[in-house]
Amino acid sequence: MQDWISGWVVSRGASDPVARPWGWTIDVGQPAQVARHVVVDADEARVCEAAAQATGEGWWLKVFLPEPHEAPEAQVCAWLGPRWASDAAAFLMSVELAPVTPGALPPGYALRTWTRGGVVRVLVAAPDGSLAARGQMGLAGEVAVADQILTTPANQRRGLGTAVMRALQRQALAAGATRAVLGASPQGRALYESLGWRTHTAFVSLRRTTGPTESH
């Protein structure tokens, strides 16, 4: 989790994490995400304590339960009540970086990479020049954190996700990283597992909506 945080804040241009009794707080500074609390070894008391310090819209919680749970989002939402909305559970994954062959692109597609401000970025353009796929990795010493991996709907099932991930891993390895971490959606998990990534645990992302925090 600390590896993931260290690269995520680089990828998003967020603040350094501030230690809290239940985890960390990170300022993000975006309208849709002002800041987030990361809650580890989460139980009801720790989650509700963090939520009580996030009373305005634009606050997010990232909640890691200590044990595997079949429906972590349902458990956490039951603790917090209706003032918080949950995304589907996601998965913390990692891989040891090693040389990989470039992913094959369909005819007419072009892949470009660049690094700026500690962030490696990959863009795949469709034959007409429009965005087909993208991704980035925040570099934090030996750790690289993959973030915002996307293939547009019209370009899915063409191997572009594999090409993006392999390009990111190659660039991160060349920059000195030895391992990579990401938070995977349920849809993305199968792709990453096929590329050798290992799943560690599920976690839940929740966003503050409106009104006062529920009492507990």
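Residues numbered from 1 in each chain as written. Predicted model: local features only at pLDDT ≥ 70, side-chain atom pairs only at ≥ 80, totals over all residues. Heavy atoms only, no water.

## A few points about the overall build of the protein chain
Argument step 1. Helices and strands together make up the secondary structure of the protein chain, namely 5 helices and 12 strands.
Argument step 2. Principal axes of the C-alpha set define a box for the protein chain whose edges measure 55 × 35 × 30 Å.
Argument step 3. Put simply, the protein chain has 216 residues, and 45% of those count as buried.
Argument step 4. Put simply, 62% of the contacts in the protein chain that link residues at least 6 apart link residues at least 24 apart.
Argument step 5. As displayed, the protein chain offers around 10400 Å² of accessible surface, 51% of which is attributable to carbon and sulfur atoms.
Argument step 6. Side chains of the protein chain carry 19 positive and 18 negative charges; the gap between the two charge centres is 10 Å. (Helix = DSSP H or I, 4+ residues; strand = E, 2+ residues; numbered from the N terminus. Buried < 20%, exposed > 50% of the residue type's maximum accessible area, 1.4 Å probe, protein only. Contact = heavy atoms within 4.5 Å. Areas by Shrake-Rupley, 256 points an atom, 1.4 Å probe, with all protein chains shown as cover. Lys, Arg positive; Asp, Glu negative; His and termini not counted. Charge placed at Lys NZ, Arg CZ, Asp CG, Glu CD.)

## Things to note about the side chain of threonine 152
Argument step 1. Along the polypeptide, threonine 152 turns up in the loop between strand S10 (143-151) and helix H4 (160-174).
Argument step 2. Of the polar contacts made by the side chain of threonine 152, one reaches the backbone oxygen of leucine 131; its length is 3.4 Å.
Argument step 3. Every residue in contact with threonine 152, bar those within four places of it in the chain, is listed here: Leu131 and Ala132. (Polar contact = N/O pair within 3.5 Å; in protein donor to acceptor, adjacent residues only side chain to side chain.)

## So, helix H3 (residues 72-80)
Argument step 1. Among the residues of H3, those classed as buried are Pro72, Val76, Trp79 and Leu80. What you see down the axis of H3 is that its buried residues fit within an arc of 90°, all on one side. (Arc of directions from axis to C-beta.)

## Some points on the environment of aspartate 147
Argument step 1. Locating aspartate 147 in the fold gives a position in strand S10.
Argument step 2. Residue classification places aspartate 147 among the buried positions, given a relative accessible area of 7%.
Argument step 3. When the C-alpha positions of aspartate 147 and leucine 65 are compared, they lie 22 Å apart, and in sequence the two are 82 residues distant.
Argument step 4. Residue contacts for aspartate 147: discarding those within four places in its chain leaves Trp8, Ser11, Arg12, Arg134, Gly135 and Gln136.

## With respect to the side chain of arginine 134
Argument step 1. Take arginine 134: it is sitting in strand S9 (residues 131-140).
Argument step 2. Among buried charged residues, arginine 134 stands out as having no salt bridge; its nearest opposite-charge side chain is aspartate 147, 7.0 Å away.
Argument step 3. If we ignore the near neighbours within four places in the chain, the residues touching arginine 134 are Arg121, Val122, Asp147, Gln148, Ile149, Leu150 and Val164. (Salt bridge = Lys/Arg side-chain N within 4 Å of Asp/Glu carboxyl O.)

## A look at the packing of aromatic side chains
Argument step 1. Scanning all chains against the criterion turns up 5 aromatic pairs.
Argument step 2. Residues tryptophan 4 and phenylalanine 203 carry aromatic rings whose centres are separated by 6.2 Å and whose planes lie at 40° to one another, so their mutual orientation is tilted. Here tryptophan 4 is found in helix H1 (residues 2-12), whereas its partner phenylalanine 203 is found in strand S12 (residues 198-208), with 199 residues between them in sequence. Of the two residues, tryptophan 4 and phenylalanine 203, both sit in the buried class.
Argument step 3. Judged by centre distance (6.1 Å) and plane angle (55°), the ring pair of tyrosine 192 and tryptophan 197 falls under tilted. In terms of burial, tyrosine 192 and tryptophan 197 fall into one category: buried.
Argument step 4. Cluster of aromatic residues (ring-pair linked, three or more members): Trp4, Trp8, Phe64 and Phe203.
Argument step 5. Its end group placed over the ring of tryptophan 8, arginine 36 keeps NZ or CZ at 4.0 Å from the ring centre.
Argument step 6. Between arginine 189 and the ring centre of phenylalanine 91, over which it is positioned, the NZ or CZ distance is 4.3 Å. (Phe/Tyr/Trp six-rings, centres within 6.5 Å; stacked < 30°, edge-to-face > 60°. Lys NZ or Arg CZ within 6 Å of the ring centre and 35° of its normal.)

## A short note on the nonpolar core
Argument step 1. Of all hydrophobic cores here, the largest spans 28 residues; its most connected members are Met137, Leu182 and Trp197.
Argument step 2. Counting residues per element, the ones that place at least two in this core are strand S6 (90-96), strand S8 (119-125), S9, S10, H4 and strand S11 (179-184).
Argument step 3. Take this core: its biggest share by element is 6 residues, from H4.
Argument step 4. Excluding its chain neighbours within four sequence positions, the residues that come into contact with tryptophan 197 are Met93, Ser94, Val95, Met137, Met165, Gln169, Ala180, Val181, Leu182 and Tyr192. (Core = buried A, V, L, I, M, F, W, Y, C linked by side-chain atoms within 4.5 Å.)

## Quick notes on the confidence of the model for the protein chain
Argument step 1. Here the protein chain shows a mean pLDDT of 93. Residues at 70 or above account for 97%.
Argument step 2. Below pLDDT 50 for its whole length, residues 212-216 participates in 14 contacts with residues either more than four positions away or in separate chains. (pLDDT = per-residue confidence, 0-100.)

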